[in-house]
Amino acid sequence: DDKLQYRLGWMLLNGVGTEKDIPAALEYFEESAKPGNPFASYQLAKYILADESSAPIRVREAVAYLRRAADCGNPFAQYALGKLYAEGNRISKNISEALRLLKLAADQGIDLAMYRLGRLYLSGEDIPKDTAAAIKWMTAAAEKNNQFAQYALGKLYLTGEGVPKDKDTAVRWFTLSAAQSNVYAQFFLDHIDSFRD
């Protein structure tokens, strides 16, 4: 039963009801992933990718696990794989695939995917800059309490980059972000009256 194997692996990985035993957890995840359990596939990929020194063959294995989980609709796998394609430092950069996967994850409510989409559209580095799309995705993430999106929106409204300048809206977003210990947002709040055109 792949679901039972996944749950046993999760319990062993997190020390719930038993002692932590990562090697045993990974064995259960591998058995669960064989018939295609997307949660086990995601856990295996996450474990492999957590080791920055993973050999390229292990990274390809992790990508295969993520692909399997993402194709089954796992939004966390969609986000993780989309992020890998967007960054392009461990696998070949593929912005169109990154956008597709990040949108799938964002549509399922993953705020980090929303934020990453906003950053991609705002940067204009690998795709045409689209400030309206960036604001849309950043706002969606900020409304889900993503402190990074709140901070980014604060800066956009303070500077008027792609949106009308609005100091009150900037302060609102900075305040929400700073409440989550974002020191950069707190800096802007502390110096909000120092900024000029």
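The notes below deal with the structure included here. None of the values given here were measured: they were computed from a predicted structure.

1. What about the overall build of the protein?
Phase 1: Each helix and strand in the protein was counted, giving 11 helices and 0 strands.
Phase 2: Secondary structure elements in the protein, listed N-terminal to C-terminal, are α-α-α-α-α-α-α-α-α-α-α.
Phase 3: Counting only C-alpha atoms, the protein reaches 60 × 40 × 30 Å along its principal axes.
Phase 4: Each of the 197 residues in the protein was classed as buried or not, and the buried ones make up 46%.
Phase 5: Long-range contacts, defined here as pairs at least 24 residues apart, represent 43% of the contacts in the protein between residues at least 6 apart.
Phase 6: Here the protein displays about 10,700 Å² of accessible surface, and carbon together with sulfur accounts for 52% of that area.
Phase 7: On the protein, the mean spot of the 24 positive side-chain charges and the mean spot of the 25 negative ones are 3 Å from each other.

2. Brief notes about the layout of surface pockets
Gaps between atoms show up when a probe of the same size as a water molecule is rolled over them.
Phase 1: Size it by volume and the largest pocket reaches roughly 350 Å³.
Phase 2: The wall of the largest pocket is formed by 16 residues, among which Leu49, Tyr79, Ala80, Lys83 and Leu84 lie closest to the centre.
Phase 3: Secondary structure elements with two or more residues in the lining of the largest pocket: helix H3 (38-50) and helix H5 (75-87).
Phase 4: Tallying contributions element by element places H5 first for the lining of the largest pocket, with 6 residues.
Phase 5: Of the residues that constitute the lining of the largest pocket, the class distribution is 10 nonpolar, 1 polar and 5 charged.

3. Brief notes about the environment of Ala33
Phase 1: By the element assignment, Ala33 lies in helix H2 (residues 22-33).
Phase 2: Residue classification places Ala33 among the buried positions, given a relative accessible area of 1%.
Phase 3: Ala33 has contacts with Ala40, Ser41, Leu44, Tyr65 and Arg68, leaving out every residue within four places of it along the chain.

4. Brief notes about the nonpolar core
Phase 1: Counting 67 residues, the largest nonpolar core has Phe29, Leu66, Tyr121, Leu153 and Phe174 as its most contacted members.
Phase 2: Other than its neighbours up to four places away in sequence, Phe29 contacts Tyr6, Gly9, Trp10, Leu13, Ala40, Gln43 and Leu44.

5. So, the side chain of Ser54
Phase 1: Position of Ser54 among the secondary structure elements: in the loop between H3 and helix H4 (56-71).
Phase 2: Using a relative accessible area of 14% as the deciding quantity, one classes Ser54 as buried.
Phase 3: For Ser54, the side chain forms a polar contact with the main-chain oxygen of Ile48, separated by 2.7 Å.
Phase 4: Beyond its immediate stretch of four places on either side in the chain, Ser54 contacts Ile48, Val59 and Arg90.

6. A closer look at the pattern of salt bridges
Phase 1: As enumerated under the stated definition, the model contains 9 salt bridges in all.
Phase 2: Between Lys93 and Asp126 there is a salt bridge whose closest N-O contact spans 3.0 Å. Of this pair, Lys93 sits in the loop between H5 and helix H6 (95-107) while Asp126 is found in the loop between helix H7 (111-123) and helix H8 (131-143), placing the two residues 33 residues apart along the sequence.
Phase 3: Each of Arg67, Glu97 and Arg100 takes part in salt bridges that share partners, so that together they form one network.

7. Some points on helix H10 (residues 167-178)
Phase 1: Over its 12 residues, H10 runs 16 Å from end to end, which matches the ideal 16 Å to within 8%, given 1.5 Å per residue.
Phase 2: All of the buried residues along H10 are Thr169, Ala170, Trp173, Phe174, Ser177 and Ala178. The buried residues of H10 occupy an angular sector of 165 degrees when the element is viewed end-on, so they sit on one face.
Phase 3: Here the buried face of H10 lies against H8, helix H9 (147-159) and helix H11 (183-190).
Phase 4: Between the side-chain oxygen of the N-cap and the backbone nitrogen of Asp168 there are 3.2 Å, and the N-cap of H10 in question is Asp166.

8. Here we look at the packing of H4 against H5
Phase 1: It is the contact of H4 with H5, at a shortest axis distance of 8 Å, that shows an interaxial angle of 135 degrees. Between H4 and H5, the crossing angle belongs to the class labelled oblique. The hand of the H4/H5 crossing is left-handed. Packed against H4, whose contacting residues are Val63, Leu66, Arg67, Ala69 and Ala70, the element H5 presents Ala77, Gln78, Ala80, Leu81, Leu84 and Tyr85 at the interface.
Phase 2: Looking at the contact of H4 with H5 residue by residue, the classes come out as 9 nonpolar, 1 polar and 1 charged.

Conventions used here
- Residues numbered from 1 in each chain as written.
- Predicted model: local features only at pLDDT ≥ 70, side-chain atom pairs only at ≥ 80, totals over all residues.
- Heavy atoms only, no water.
- Helix = DSSP H or I, 4+ residues; strand = E, 2+ residues; numbered from the N terminus.
- Buried < 20%, exposed > 50% of the residue type's maximum accessible area, 1.4 Å probe, protein only.
- Contact = heavy atoms within 4.5 Å.
- Areas by Shrake-Rupley, 256 points an atom, 1.4 Å probe, with all protein chains shown as cover.
- Lys, Arg positive; Asp, Glu negative; His and termini not counted.
- Charge placed at Lys NZ, Arg CZ, Asp CG, Glu CD.
- 1 Å grid on protein atoms, 1.4 Å probe; cavity = no way out; pocket = protein on both sides within 12 Å on 5 of 7 lines; lining within 4 Å.
- Points joined across faces, edges and corners; volume = space filled by probe spheres on them.
- Nonpolar A, V, L, I, M, F, W, Y, C, P; charged D, E, K, R; others polar.
- Core = buried A, V, L, I, M, F, W, Y, C linked by side-chain atoms within 4.5 Å.
- Polar contact = N/O pair within 3.5 Å; in protein donor to acceptor, adjacent residues only side chain to side chain.
- Salt bridge = Lys/Arg side-chain N within 4 Å of Asp/Glu carboxyl O.
- Expected span 1.5 Å × (residues − 1).
- Arc of directions from axis to C-beta.
- Axes fitted to C-alpha atoms, helices over the stretch in contact; angles between N-to-C directions.
- Parallel < 35°, antiparallel > 145°, perpendicular 65-115°, else oblique.
- Left-handed = near helix turned anticlockwise from the far one by under 90°.

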